[in-house]
Amino acid sequence: MKPKININNLIRDNIRAIKPYSSARDDFKDVSTNDMVFLDANENPFENGVNRYPDPLQKNLKKLVSKIKKIGEESIFIGNGSDEVLDLIVRAFCVPSKDNIITLPPTYGMYGVIAEINAIENRKVLLNNDFQPEVKNILEQIDSNTKILFLCSPNNPTGNSFEASIVEELVQNFEGLVIIDEAYIDFSNEQSWLSRLEMFPNLIIVQTLSKAYALAGIRIGLCYASKEIITVLNSIKPPYNVNELSQQKAISRLHQIAGVESEISELISERKRLKKELESGVSFIEKIYPSDSNFLLIKVDDATTRYNQLISYGIVVRNRSLEPLCNNCLRISVGVSEENQRLIIALKALQ
Ligand SMILES: *Cc1c(COP(=O)(O)O)cnc(C)c1O
């Protein structure tokens, strides 16, 4: 068990003092009562399915998420994509021009962008050559203004998961918040950290419906943390941050979990097939890194040349060669079988 961390002490003073905006739907919550007339929100009363403001706390969606993820509704926060969730966490805990965060490149670019937008110093500590965090180097960077450590596991763009023992050591030894971004967890053999949330009051887990759940277009980010952290996020979020259509669409997708699961297993088997085909048949591919995600990071002879050649075949991949440790690397998302086949044929033709 972790030594006591007082989340309250980590919150910015001005945020702790905030009195959240109280929306009409906050003032009178019991919308399930029949035969009520709602004249409180200046909405247009003519029904069209979206003329009313959405539920600010997404209660029906949270109920479903709670059931699927086996975690209490009070430990769930839902954002307009995980990008909004990450930004709200930074804004709640980091004082501009004073505090700092730690990120572990090569990793998801939004952490650094969010830090810059909020005038927060981003201390970058490179992963090692196996794309694992270097605990000693990370701990050395921590000072009294370090509020958040960002871990992305499985990591984007490297595709691998961080070793559980390393993550645990970091969570145990850092007195600030540790965010584990599990955007790709559904494609991984590793366990989510969700089951251990209660053991670590400074742990925040972020997931998304954008990848495995195939809902990138509706922008739903899921966040799990202690009640104290969830309460802070609720107090600073835009009142109606998740729109009505997104809530409805997410709910209907979560009712079809079997369909989601079958897509995930198909993508995992396609990932394995793609890896095998490319490992044997393409001479300019120098390395295909192990992947716990729905993409492959591959090292080629000349990433920019190969990227442009693939474009001429009508195939767009991501050139990550400018990222540290990713020299001449392309990141390739796993598509449906026909798309992967087109990629395989193109790469073999380019020999
Ligand atoms: C794709 C991705 C996300 C998802 O962001 P959304 O805003 O929820 O679409 C989050 N983190 C990482 C590492 C990602 O690659």
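As a convention, each chain's residues are numbered from 1 in the sequence order in which they are written. Given that the model is predicted, a residue must reach a pLDDT of at least 70 before its local features are reported, and side-chain atom pairs must reach 80 or more before they are shown or counted; all residues, however, enter totals for whole chains, interfaces and linings. To get the side-chain values, take all heavy atoms of the structure and skip hydrogens and water.

Examining the domain arrangement of the chain
One can read the domain layout of the chain as domain 1 (7–28 + 55–255) and domain 2 (258–349). Spacing between the C-alpha centres of domain 1 and domain 2 amounts to 28 Å. For any pair of parts, buried area is found by adding up, for both, the accessible area (1.4 Å probe) each one loses once the two are put together. At the boundary of domain 1 with domain 2, total buried surface from both sides reaches about 1800 Å², with 64% on carbon and sulfur atoms. The largest contributions to the domain 1 side of the interface with domain 2 come from Phe131, Pro157 and Phe187, which together make up 35% of the buried area. One side-chain nitrogen of Lys or Arg within 4 Å of one carboxyl oxygen of Asp or Glu is enough to make a salt bridge. Counting every contact that joins domain 1 to domain 2 gives one salt bridge. Between Glu263 and Arg253 there is a salt bridge whose closest N-O contact spans 2.9 Å. Residues adjacent in sequence count toward polar contacts only when both atoms are side-chain atoms; beyond that, a polar contact is any pair of N or O atoms within 3.5 Å, and within protein one must be able to donate a hydrogen and the other to accept it. For the pair domain 1 and domain 2, the interface holds six residue pairs in polar contact (both at pLDDT 80 or more). Residue polarity is assigned by list, with Asp, Glu, Lys and Arg as charged and Ala, Val, Leu, Ile, Met, Phe, Trp, Tyr, Cys and Pro as nonpolar; anything else, Gly included, falls into the polar class. Residues belonging to the side of domain 1 that touches domain 2 are distributed by class as follows: twelve nonpolar, eleven polar and three charged. Domain start and stop points were drawn from an automatic or database domain assignment.

Side note on the pattern of salt bridges
Inspection of every chain in the model, using the stated rule, returns 17 salt bridges. A salt bridge links Asp83 to Arg219; the shortest N-O distance between them is 4.0 Å. Placement of Asp83 in helix α5 (residues 81–93) and of Arg219 in the loop between β6 (203–208) and β7 (220–224) is noted, with a sequence separation of 136 residues between them. Three labels apply to residues, based on accessible area from a 1.4 Å probe with only protein chains included: buried if under 20% of the type maximum, exposed if over 50%, partly exposed otherwise in between. On the basis of relative accessibility, which here comes to 29%, the residue Arg219 falls in the partly exposed class. Put simply, Glu140 and Lys136 hold a salt bridge, and the shortest N to O gap is 3.2 Å. On the criterion of helical spacing, the pair formed by Glu140 and Lys136 is a turn pair, its members being four residues apart in helix α7 (residues 135–141). Residue Glu140 shares its accessibility class with Lys136, and that shared class is exposed. A run of DSSP states H or I qualifies as a helix once it reaches four residues; a run of E qualifies as a strand once it reaches two. Both are numbered from the N-terminal end.

Overview of unusual backbone geometry
Here the bond from Ser153 into Pro154 is cis, since omega is -5 degrees, no more than 30 degrees from zero. Note on placement: Pro154 falls in the loop between β4 (146–152) and α8 (164–173). Residue Pro157 is reached from Asn156 by a cis peptide bond, and omega for that bond is 15 degrees. Mapped onto the elements of the fold, Pro157 is located in the loop between β4 and α8.

Re the pairing of β7
Most of β7 sits inside the fold, with five of its five residues counted as buried. Residue alternation in β7 divides its side chains into two sets, Ile220, Leu222 and Tyr224 and Gly221 and Cys223, and both sets are buried. Only when DSSP finds a minimum of two bridges between them are two strands counted as paired. In terms of strand pairing, strand β1 (residues 76–80) meets β7 through five bridges, oriented antiparallel. Note on β7: the bridge partner recorded for Asn80 is Ile220. Bridge count for β6 against β7 is four bridges, and the pairing is antiparallel. From the neighbouring strand, Val206 faces β7, where its bridge partner is Cys223.

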